[in-house]
Amino acid sequence: MMNLTTLALAHEINQPLAAAGNYLAAALRLAKAPDANVPDRIVDASIHAQEQVLRAGKIIKRLRGFIQKSEGERTIERPSVIIDDAILLVGAVDSSIKIETRVDATLPRVSVDRIQLQQVLINLIRNSVEALAGRSESELVLSAIAVGSTLVCFSVHDNGPGLSKKVQENLFKPLQSTKAGGMGVGLTICRSIITSHGGHIWAADVPNGGTTINFTVPALSEQLAA
């Protein structure tokens, strides 16, 4: 039932997204006309809006394919690029939150559905940003390290209030949420995406407080990445 509902919802959302994309394309054509005299910042904002509408359409396409058990589009990516892009796609973050990335430049590349993996990171980043709301000296660290020669482990750490043992145990179960009004499906979808990539996702204990979510994806050998 959840699969059918999601597919139906994705189908319905596609129509207004396509319409919004068409309107933005038309607006940009008008704004770029020689006699339009439209400020550059409005044109730039419209271009960014159009990019996000197109991205939303791609996410829905991937979601439909994921539910229908298709393989998706796997590409060879650098972990550092995936993390940097996810941070950019999250958009504006409270200036009181210090965001740091720690990625080994020698990490092997990974073969992943880039949009799906970015969605996992965006979900985790947004959860951390919400946990840090109203706190002073807030810190968010995104990192990636090699685990042996076969895995790359991504981590999202914040110095927020942390999670109890009970919450950690149920964190990735369907319809479980720590947020008021939350549906409890975001992390479940994250787990499904990582599992479909042959990886694992889990919440780690943080001795000094805060929350760390780790997930792994298989690393490519040098021969395959070449």
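Located above this text is the structure these notes cover.
The paragraphs below set out a description of the structure included in this document. (Residues numbered from 1 in each chain as written. Predicted model: local features only at pLDDT ≥ 70, side-chain atom pairs only at ≥ 80, totals over all residues. Heavy atoms only, no water.)

**What to know about the overall build of the protein chain**
And then number 1: Of regular secondary structure, the protein chain possesses 7 helices and 7 strands.
And then number 2: What you see in the protein chain, going N to C, is helices and strands ordered as α-α-β-α-β-β-α-β-β-α-α-β-β-α.
And then number 3: Counting only residues that meet the buried cut, the protein chain has 34% of its 226 residues in that class.
And then number 4: Total accessible area on the protein chain stands at roughly 13,400 Å², and carbon and sulfur atoms take up 56% of it. (Helix = DSSP H or I, 4+ residues; strand = E, 2+ residues; numbered from the N terminus. Buried < 20%, exposed > 50% of the residue type's maximum accessible area, 1.4 Å probe, protein only. Areas by Shrake-Rupley, 256 points an atom, 1.4 Å probe, with all protein chains shown as cover.)

**A look at the sheet that holds strand E6 (residues 201-204)**
And then number 1: Strand order in this open sheet of 5 strands is E2-E4-E5-E7-E6, and the pairing throughout is mixed. Among the strands making up the open sheet, the edge pair consists of strand E2 (97-103) and E6. Along the sheet, successive strands turn relative to each other by an average axial angle of 15 degrees, direction set aside.
And then number 2: With 8 bridges connecting them, strand E4 (residues 138-147) and strand E5 (residues 151-158) associate as antiparallel partners. Following the sheet pairing, Val 147 is matched in E5 by Leu 151.
And then number 3: Contacting E2, E4 and E5, helix H3 (residues 79-90) crosses the sheet at an angle of about 165 degrees to E2. (Pairing = 2+ DSSP bridges. Axes fitted to C-alpha atoms, helices over the stretch in contact; angles between N-to-C directions. Contact = heavy atoms within 4.5 Å.)

**Digging into the side chain of Thr 211**
And then number 1: As for its position among the elements, Thr 211 is in strand E7 (residues 211-218).
And then number 2: On the basis of relative accessibility, which here comes to 14%, the residue Thr 211 falls in the buried class.
And then number 3: If we ignore the near neighbours within four places in the chain, the residues touching Thr 211 are Val 156, His 157, Asp 158, Gly 162, Leu 163 and Val 206.

**Focus: the nonpolar core**
Across soluble globular proteins, nonpolar side chains have a tendency to be buried as a group.
And then number 1: In this structure, Leu 117, Phe 154 and Phe 215 are the most contacted members of the largest nonpolar core, which totals 33 residues.
And then number 2: For this core, the secondary-structure elements that each account for two or more residues are H3, strand E3 (110-112), helix H4 (114-132), E4, E5, helix H6 (186-196), E6 and E7.
And then number 3: Looking at this core, the element that brings in the most residues is H4, giving 7 residues.
And then number 4: Setting aside anything within four residues of it in sequence, one finds Leu 117 in contact with Ile 82, Val 112, Phe 154, Ile 194, Phe 215 and Val 217. (Core = buried A, V, L, I, M, F, W, Y, C linked by side-chain atoms within 4.5 Å.)

**With respect to the packing of aromatic side chains**
And then number 1: Taken as a whole, this structure holds 1 aromatic pair when the rule is applied.
And then number 2: Taken together, a centroid distance of 5.1 Å and an interplanar angle of 10 degrees make the contact between Phe 154 and Phe 215 stacked. In this pair, Phe 154 is assigned in strand E5 and Phe 215 in strand E7, connecting sequence segments 61 residues apart. (Phe/Tyr/Trp six-rings, centres within 6.5 Å; stacked < 30°, edge-to-face > 60°.)

**Focus: the environment of Ser 149**
And then number 1: If you trace the backbone, Ser 149 turns up in the loop between E4 and E5.
And then number 2: For the pair Ser 149 and Leu 220, spaced 71 residues apart in sequence, the C-alpha to C-alpha distance is 8.6 Å.

**Observations concerning the packing of H3 against H4**
And then number 1: With their axes 9 Å apart at the nearest point, H3 and H4 run at an angle of 55 degrees to one another. One finds that H3 runs oblique with respect to H4. Relative to H4, the crossing made by H3 is right-handed. Between H3, through Val 81, Ile 82, Ile 83, Asp 85, Ala 86, Ile 87, Leu 89 and Val 90, and H4, the contact on the second element is made entirely by Arg 114, Leu 117, Gln 118, Leu 121, Ile 122, Ile 125 and Arg 126.
And then number 2: The class makeup of the residues in the contact of H3 with H4 is 11 nonpolar, 1 polar and 3 charged. (Parallel < 35°, antiparallel > 145°, perpendicular 65-115°, else oblique. Left-handed = near helix turned anticlockwise from the far one by under 90°. Nonpolar A, V, L, I, M, F, W, Y, C, P; charged D, E, K, R; others polar.)

**Here's the deal with unusual backbone geometry**
And then number 1: The residue Asn 37 is not glycine, and still its phi comes out positive at about 55 degrees.
And then number 2: Mapped onto the fold, Asn 37 is located in the loop between helix H1 (2-31) and helix H2 (40-67).
And then number 3: Look at Asn 37 and you get exposed, because its relative accessible area is 74%.

**Notes on H4**
And then number 1: Between the first and last C-alpha of H4 there are 27 Å, a value that for 19 residues agrees with the 27 Å anticipated at 1.5 Å per step.
And then number 2: When H4 is considered as a whole, its buried residues turn out to be Ile 115, Gln 116, Leu 117, Gln 118, Val 120, Leu 121, Ile 122, Leu 124, Ile 125, Ser 128 and Leu 132.
And then number 3: Gly 134, located one to two residues past H4, shows a positive phi value of around 80 degrees. (Expected span 1.5 Å × (residues − 1).)

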